[in-house]
Amino acid sequence: MSSPSKRREMDVMKLMMSDYNVETINDGLNEFNIEFHGPKESLYEGGVWKIRVELPDAYPYKSPSIGFVNKIFHPNVDEMSGSVCLDVINQSWSPMFDLLNIFEVFLPQLLLYPNPSDPLNGDAASLMMKDRKQYDQKVKEYCERYAKKENITKSTADEETDDDEDITDEETGSSDDEIAGHADP
């Protein structure tokens, strides 16, 4: 086994043996999801996110790709793709860092100290700079709506049909309660 593959295996095993719930994809160590909890004493406290991690072949010399699977309202996270704008991962990554650093230091720091001057989500950045109280409320609303345990335990099949999720019965003009025709009184 080459050194990068041993390191990949060791880093993933460290995550699995820690308090993180790791769900491998396609039975390999190159792609997996991690259950990530919002940091204590932050707007994101109580929130639970599924983080998608993809390790390149050159890991640890090349940084992993990480993204939020369920929605989060944050200036440095793209709302649609879940991509994260974090210098330490995107630009200044070093093989000295490991996967535990991402989940124990880098992501908690990102959520605790958003940087609205380098946004991936312009709406969140603008709101944060213009009306902090309204921004805080929107973060909490997103946590309530999208960052609960049940949001991350959906099967992969459900994730593939997420586009239909936002359509309500009212919008489609149908309801499970409606029955064709009416009973006689």
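Because the structure is a prediction, the values reported are computed rather than measured.

Asker: Sorry if this is basic, but what is going on with the overall build of the protein chain here?
Answerer: Of the regular secondary structure elements, the protein chain holds eight helices and four strands. In the protein chain, the succession of α and β elements from N to C terminus is α-β-β-β-β-α-α-α-α-α-α-α. Across the 185 residues in the protein chain, those meeting the buried criterion constitute 38%. Put simply, 55% of the contacts in the protein chain that link residues at least 6 apart link residues at least 24 apart.

Asker: Explain the sheet that holds strand β3 (residues 48-54) to me, please; I cannot follow it from the model alone.
Answerer: Working definition: the strands of a sheet are paired by backbone hydrogen bonds and lie parallel or antiparallel to each other. The strand order β1-β2-β3-β4 describes an open sheet built from four strands, whose pairing is antiparallel. If you trace the sheet from one side to the other, it starts and ends with β1 (22-24) and β4 (65-68), each paired once. Sheet twist, expressed as the mean angle between neighbouring strand axes with direction ignored, is 25°. Summarising the sheet, β3 and β4 pair through four bridges and their orientation is antiparallel. Residue pairing for β4: valine 53 is matched across the bridge by isoleucine 66. Strand contacts of helix α3 (residues 99-112): β2 (31-37), β3 and β4, with the helix running at about 50° to β2, the strand carrying the most contacts.

Asker: What's the story with the UniProt feature "active site" (unreviewed entry) in the protein chain in this structure? I'm lost.
Answerer: In the UniProt entry, the feature "active site" (unreviewed entry) is given for Cys85. Tracing the sequence through the fold places cysteine 85 in the loop between β4 and α2 (87-90).

Asker: Would you explain unusual backbone geometry in this entry?
Answerer: One can expect most non-glycine residues to show negative phi and most peptide bonds to be in trans. Cis geometry marks the peptide bond from tyrosine 59 to proline 60, where omega comes out at 10°. Positionally, proline 60 belongs in the loop between β3 and β4. Of note in the backbone geometry, asparagine 26 takes a positive phi value of approximately 60° without being a glycine. Of the residues examined, asparagine 26 reaches a relative accessible area of 67% and is grouped as exposed. One non-glycine residue with positive phi stands out, namely glutamate 41, at about 60°.

Asker: So what exactly am I meant to see when it comes to the pairing of β2 here?
Answerer: Within a regular strand, the side chains alternate between the two sheet faces. Burial of β2 is extensive: five of the seven residues sit out of reach of the surface. Examined bridge by bridge, β1 and β2 share three bridges and lie antiparallel to one another. Looking across to β2, one finds that glutamate 23 is bridged to asparagine 33. What sits between the antiparallel neighbours β1 and β2 is a turn of six residues, in which asparagine 26 has the positive phi angle 60°. Pairing analysis gives seven bridges linking β2 to β3, with the strands arranged antiparallel. Among the inter-strand pairings, asparagine 33 is bridged to a residue of β3, identified as arginine 52.

Asker: Explain helix α5 (residues 132-146) to me, please; I cannot follow it from the model alone.
Answerer: Owing to its 3.6 residues per turn, the α-helix aligns residues three or four sequence positions apart on the same side. Between its first and last C-alpha, α5 extends 21 Å over 15 residues, near the 21 Å set by a 1.5 Å rise per residue. Residues of α5 that are buried: Tyr135, Val139, Tyr142, Cys143 and Tyr146. Taken down its axis, α5 places every buried residue within 105° of arc, on the same side. Across from the buried face of α5, at angles greater than 90 degrees, the exposed residues are Lys133, Glu144 and Arg145. Where α5 is buried, its residues contact β3, α4 (122-130) and α6 (149-152).

Quick notes on the rules
- Residues numbered from 1 in each chain as written.
- Predicted model: local features only at pLDDT ≥ 70, side-chain atom pairs only at ≥ 80, totals over all residues.
- Heavy atoms only, no water.
- Helix = DSSP H or I, 4+ residues; strand = E, 2+ residues; numbered from the N terminus.
- Buried < 20%, exposed > 50% of the residue type's maximum accessible area, 1.4 Å probe, protein only.
- Contact = heavy atoms within 4.5 Å.
- Pairing = 2+ DSSP bridges.
- Axes fitted to C-alpha atoms, helices over the stretch in contact; angles between N-to-C directions.
- UniProt positions renumbered as here; feature names shortened; annotations may be inferred.
- Expected span 1.5 Å × (residues − 1).
- Arc of directions from axis to C-beta.

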